[in-house]
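# Structural features, examined
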Amino acid sequence: MTENRTLIDRMLGLEEKREWHEFEKRAKALGDDYYADYNAMKKYIWISGVEKWKDFKFIFDHVLDLLEEVAIDGRKVTSITGPDVATFLDEMVEHKGWEDKQKDKLNKIMHEK
Amino acid sequence: MNNITEMLKGVLEGCVLEIIGQGETYGYEITQKLRAIGFDDVVEGTVYTITMRLEKKNLVTIEKKSSTMGPPRKWYTLSTTGQQERQSFWEKWEFISAKLEDLKK
């Protein structure tokens with residue numbers, strides 16, 4: 001987790017860091033299994049192409065809402081997301097991934113000329 | 001009906017807007033309603049990402065209410081822009097379905 005921490009330190013300001021820790025606290029409170037789920041999903045979202053903390057915050061908050069919801073009856077995350085968690089998260093971040101950015105870039109260049 | 005996920009994609013948001021427009025409701029109930037009218041493929045997660053998008057676009061207002069059993073639930077109602085979006089969805093739908101009927105003739 002050390003690598004992650006330095007990245008976060010570089011990316012986030014004081015207020016953002018406070019919010020980040022608030023999310024970590026909520027995630028840890030769910031117990032080890034769900035915390036592991038949170039970390040796995042967090043990692044995926046982190047590389048999803050989302051750029052602004054405001055957008056991360058919105059998504060993490062909803063992921064945690066979801067986890068808190070399943071944790072209460074000890075259900076699995078997949079009971080809500082369906083079997084394809086990655087696609088579910090793509091929908092959540094509205095899939096503005098690397099490919100989409102390349103597409104936007106190409107179209108922009110083609111129209112500028 | 002099964003295997004209509006791709007075709008349903010653009011329409012589901014409108015369906016959710018309509019359901020919320022009919023009265024304050026929460027995610028699980030929305031899912032149940034969609035399944036009850038025959039959209040068997042819809043899972044809770046589908047509705048989850050849709051309500052999230054509606055929230056992001058300020059089309060809904062949310063109230064977190066605690067429930068007797070289970071976690072606090074998010075109850076959704078349409079905002080003014082949400083109401084407009086609901087109406088605009090039906091206009092688009094009427095247009096498309098009229099055109100498709102013409103095509104079939």
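For the structure, check the block above.
Here goes a summary of the coordinates provided. (Residues numbered from 1 in each chain as written. Chains lettered and ligands numbered in written order. Predicted model: local features only at pLDDT ≥ 70, side-chain atom pairs only at ≥ 80, totals over all residues. Heavy atoms only, no water.)

## As for the packing of helix H2 (residues 27–36) of chain B against helix H3 (residues 44–56) of chain B
All names here are of chain B. Selection rule: Comment: axis = line fitted to C-alpha atoms, over the contacting stretch for helices; angle = value between 0 and 180 degrees taken between N-to-C directions. Per the convention used, a helix needs a DSSP run of H or I reaching at least four residues, while a strand needs a run of E reaching at least two, with both numbered from the N terminus. Angular relationships are summarised with four words: roughly parallel below 35 degrees, roughly antiparallel beyond 145, roughly perpendicular across 65 to 115, and oblique for the angles in between. Whether a crossing is left-handed or right-handed is set by the direction in which the near helix is turned from the far one by less than a right angle, anticlockwise for left-handed and clockwise for right-handed. Note on contacts: a residue pair qualifies if any of its non-hydrogen atoms lie within 4.5 Å across the two residues. The residue classification treats Ala, Val, Leu, Ile, Met, Phe, Trp, Tyr, Cys and Pro as nonpolar and Asp, Glu, Lys and Arg as charged. All others, Gly included, are polar.
With their axes 9 Å apart at the nearest point, H2 and H3 run at an angle of 120° to one another. It follows that H2 is oblique to H3 by the angle criterion. You can see that H2 and H3 cross each other, and the crossing is right-handed. Residues Gly 27, Tyr 28, Ile 30, Thr 31 and Leu 34 of H2 form the contact with H3, whose own contacting residues are Glu 44, Val 47 and Thr 51. A class-by-class count of the residues in the contact of H2 with H3 yields four nonpolar, three polar and one charged.

## Some thoughts on the interface of chain B and chain A
Applied cut-off: We count a salt bridge whenever a side-chain nitrogen from Lys or Arg sits within 4 Å of a carboxyl oxygen from Asp or Glu. Whenever a nitrogen or oxygen atom comes within 3.5 Å of another N or O atom, the pair is scored as a polar contact, on the condition that within protein one atom can donate a hydrogen and the other can accept it, and that pairs from neighbouring residues in sequence are kept only if both atoms are in side chains.
Taken together, the contact pairs 14 residues of chain B with 18 residues of chain A. Run the count over chain B and chain A and you get five salt bridges. Note that Asp 65 of chain A and Lys 74 of chain B form a salt bridge whose closest N and O atoms lie 2.7 Å from each other. The tally of links between chain B and chain A comes to eight residue pairs in polar contact (both at pLDDT 80 or more). Element by element, the count of residues in the side of chain B that touches chain A is highest for H3 of chain B, at eight residues. The residue makeup of the side of chain B that touches chain A, split by class, is four nonpolar, three polar and seven charged.

## Remarks on the nonpolar core
The line we're drawing: The term nonpolar core refers to a set of buried residues drawn from Ala, Val, Leu, Ile, Met, Phe, Trp, Tyr and Cys, joined through side-chain atoms within 4.5 Å. Burial status follows relative accessibility: with a 1.4 Å probe on protein chains alone, a residue under 20% of its type maximum counts as buried, one over 50% as exposed, and anything between as partly exposed.
Ranked by size, the top nonpolar core spans 30 residues in total, and within it Tyr 38, Phe 60, Val 63 and Leu 67 of chain A carry the most contacts. The set of elements that each furnish at least two residues to this core consists of helix H2 (14–28), helix H3 (32–46), helix H4 (53–72) and helix H6 (85–92) of chain A together with H3 of chain B. If you tally residues by element for this core, the top one is H4 of chain A, at ten residues. The contact partners of Tyr 38 of chain A, leaving out residues within four places of it in the chain, are Phe 23, Glu 24, Ala 27, Phe 60, Val 63, Leu 64 and Leu 67 of chain A.

Everything listed here is a matter of geometry and, on its own, says nothing about what the molecule does.
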